[in-house]
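Coordinates in review
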Amino acid sequence: MSETKLGVSENIAGVIAYVLGFITGIILLIIEKENKFVRFHAAQSTVVSGGLFILGIILGFIPIIGWLIGLFLPLVGFVLWLYLMFMAYKGNMYRLPVIADYADKLEAMF
């Protein structure tokens, strides 16, 4: 595994990309220009956490059913967050269906 601009191995930087969601994702997209592994995980972290945030807001406006679904959203987000950090730590470039395509587009923008 190669080093990154943060001075840590790429799998640790991949985990860091998920720690604070879109905040660390965007920071790593700006800082890390060379390492494709870190850039991908940073972009995917940004898309996933930003998407869950927006979905939570939208569900809050939908009476009863939206609120009920919104109750499970934090649990789903937490499990997904742990899983993606685990995958990054293991050195896997795990691509979430559909979301990874948006992550590729975001990565290209930075």
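Residues numbered from 1 in each chain as written. Predicted model: local features only at pLDDT ≥ 70, side-chain atom pairs only at ≥ 80, totals over all residues. Heavy atoms only, no water.

**Focus: the overall build of the chain**
As a reminder of what qualifies: In DSSP terms, a helix is any run of H or I states spanning at least four residues, a strand is any run of E spanning at least two, and both are numbered starting from the N terminus. Atoms considered for the radius of gyration are the C-alpha atoms alone. The globule rule reads 2.2 Å times the number of residues to the power 0.38. Per-residue and other accessible areas follow the Shrake-Rupley method at a 1.4 Å probe size, with only the shown protein chains counted as cover for residues.
A count of helices and strands for the chain gives 5 helices and 0 strands. Put simply, the chain runs from its N terminus to its C terminus through helices and strands in the order α-α-α-α-α. Computed over its C-alpha atoms, the radius of gyration of the chain comes to 15 Å, within 12% of the 13 Å expected for a compact globule of 110 residues. Principal-axis analysis of the C-alpha atoms gives the chain an extent of 50 × 25 × 20 Å. Total accessible area computed for the chain in this model is approximately 6600 Å², and 76% of it derives from carbon and sulfur atoms.

**Looking at helix H5 (residues 99–109)**
As a reminder, the rule being used: Working definition: with a 1.4 Å probe on protein chains only, accessible area under 20% of the residue-type maximum means buried, over 50% means exposed, and in between means partly exposed. The arc in question is the one traced by the directions running from the helix axis out to the C-beta atoms. In this description, contact between two residues means that some pair of their heavy atoms is separated by no more than 4.5 Å.
Listed as buried for H5 are Ala100, Ala103, Leu106 and Glu107. All buried residues of H5 lie within an arc of 115 degrees about the axis, which places them on one face of the element. Among the exposed residues of H5, those oriented more than 90 degrees off its buried face are Tyr102, Lys105, Ala108 and Met109. Among the structural elements, helix H2 (22–31) and helix H3 (36–60) are those in contact with the buried residues of H5.

**A few points about the pattern of salt bridges**
Oppositely charged side chains are able to pair whenever their charged atoms sit close together. Let me state the cut-off plainly: Each reported salt bridge corresponds to a side-chain nitrogen of Lys or Arg within 4 Å of a carboxyl oxygen of Asp or Glu.
Under the criterion given, the structure shown has 4 salt bridges. Measuring nitrogen to oxygen at the nearest pair gives 3.1 Å for the salt bridge that ties Lys36 to Glu107. Residue Lys36 is found in helix H3, and its partner Glu107 is found in helix H5; the two are separated by 71 residues along the sequence. Glu107 is the partner of Arg39 in a salt bridge, and the nearest nitrogen-oxygen pair spans 3.9 Å.

**Considering H3**
Heads up, the rule is: Helix span, expected: 1.5 Å multiplied by one less than the number of residues in the helix. Whenever two N or O atoms come within 3.5 Å, that pair is a polar contact, provided that in protein one can donate a hydrogen and the other can accept it, and provided that, for residues adjacent in sequence, both atoms are side-chain atoms.
Taking 1.5 Å per residue as the helical rise, H3 with its 25 residues ought to reach 36 Å, and the 36 Å between its terminal C-alpha atoms agrees with that figure. Where H3 starts, the residue carrying a side-chain oxygen 3.0 Å from the main-chain nitrogen of Phe37 turns out to be Asn35.

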